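# Coordinate inspection notes
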Amino acid sequence: MSKKIGLFYGTQTGNTESDAEKIRDEFGDEVVTLHPLYEADATTFDEYELLIIGSPTWDIGQLQSDWESFFPDLDEIDFSGKRVAYFGDGDQYGYADNFQDAMGILEEKISQRGGKTVGYWPTEGYDFENSRALKNGKLVGLALDEGSQSDLTDEQIKTWVTQLKTEFGL
């Protein structure tokens, strides 16, 4: 039996939800279960050893509202032994000083709680000044920019999912 992946996401405008659905479809819906964050609680994360976390960066480098509300609950979750991939929506031109910060904030917290980050993504093809999601020269996850690079989203998701299948051992 193949491993199941829990994909947890928050969305404000619907872009992150749409991206989550595309990621699920690329893996296959028998592999990935979507969890809108507003329907999840801390125990839902316990069901999976493979996780995908999705969040847009909101306002000026802030967490999306569902993640902002849920953030204290992350302290109740033991992520030890879990492999965690991240994706986010951000605006590299309008918010070049905090591109994908929400993804970085979540990755930092979940790593502190024992999660092992997989799915690092190259910075080539992006134009930004600073990001909390930047670690060792790469982004901690798939950086999507629906505002200025929506034409790249489908191919980026395909490439990233192929990478994750290897890193998740699927």
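The model shown is predicted, which means the values in this text are computed figures rather than measured ones. (Residues numbered from 1 in each chain as written. Predicted model: local features only at pLDDT ≥ 70, side-chain atom pairs only at ≥ 80, totals over all residues. Heavy atoms only, no water.)

Right, let's talk about the pattern of salt bridges for a bit. Under the criterion given, the structure shown has seven salt bridges. Of the charged contacts, one joins Lys22 and Asp154 as a salt bridge, the two residues approaching to 3.0 Å between their closest N and O atoms. Here Lys22, found in helix α1 (residues 15-27), pairs with Asp154, found in helix α4 (residues 153-167); they are 132 residues apart in sequence, far enough to count as distant. In this structure Lys22 comes out as partly exposed when scored by relative accessible area, which is 31%. Residue Asp154 is classed as partly exposed on the basis of its relative accessible area of 44%. (Salt bridge = Lys/Arg side-chain N within 4 Å of Asp/Glu carboxyl O. Helix = DSSP H or I, 4+ residues; strand = E, 2+ residues; numbered from the N terminus. Buried < 20%, exposed > 50% of the residue type's maximum accessible area, 1.4 Å probe, protein only.)

Let's shift gears to the pairing of strand β3 (residues 50-58). A regular strand places its side chains on the two faces of the sheet in alternate fashion. Across the nine residues that make up β3, a large majority, eight, are buried. Inspection of the sheet shows strand β1 (residues 5-9) paired to β3 by five bridges, in the parallel sense. Its bridge partner lying in β3, Ile5 is registered against Leu50. Pairing geometry for β3 and strand β5 (residues 83-89), over seven bridges, is parallel. The residue of β5 that forms the bridge with Leu50 is Arg83. Pairing analysis gives two bridges linking β3 to strand β4 (residues 62-63), with the strands arranged antiparallel. Directly across from Thr57, in β4, lies its bridge partner Leu63. (Pairing = 2+ DSSP bridges.)

Structurally, the position occupied by Thr57 is in strand β3. A polar contact of 3.2 Å, which involves the side chain of Thr57, links it to the backbone nitrogen of Asp101. (Polar contact = N/O pair within 3.5 Å; in protein donor to acceptor, adjacent residues only side chain to side chain.)

So, about the packing of aromatic side chains. With the rule as written, the count across this model stands at nine aromatic pairs. Taken together, a centroid distance of 6.1 Å and an interplanar angle of 80 degrees make the contact between Phe8 and Tyr48 edge-to-face. Taken as a pair, Phe8 in strand β1 and Tyr48 in the loop between β2 (32-36) and β3 lie far apart in primary sequence, 40 residues in all. Counting every residue linked through ring pairs, the aromatic cluster contains Phe8, Phe45, Tyr48, Trp67, Phe70 and Phe79. (Phe/Tyr/Trp six-rings, centres within 6.5 Å; stacked < 30°, edge-to-face > 60°.)

In the numbering used here, UniProt assigns the "domain: Flavodoxin-like" (unreviewed entry) feature to residues 5-165. Summarising residues 5-165: 27% helix, 23% strand, and an end-to-end C-alpha distance of 11 Å. (UniProt positions renumbered as here; feature names shortened; annotations may be inferred.)

Between its first and last C-alpha atoms α4 spans 21 Å; for 15 residues at 1.5 Å apiece the expected length is 21 Å, and the two agree. Listed in full, the buried residues belonging to α4 are Thr153, Gln156, Ile157, Trp160, Val161 and Leu164. Buried residues in α4, looked at end-on, bunch into an arc of 130 degrees, giving them a common side. Exposed residues pointing more than 90 degrees away from the buried face of α4 are listed as Thr162 and Thr166. Considering only its buried residues, α4 is in contact with α1, β3, β5 and β9 (142-144). Taken from the residues just after α4, Gly169 is the one with a positive phi, measuring 75 degrees. (Expected span 1.5 Å × (residues − 1). Arc of directions from axis to C-beta. Contact = heavy atoms within 4.5 Å.)

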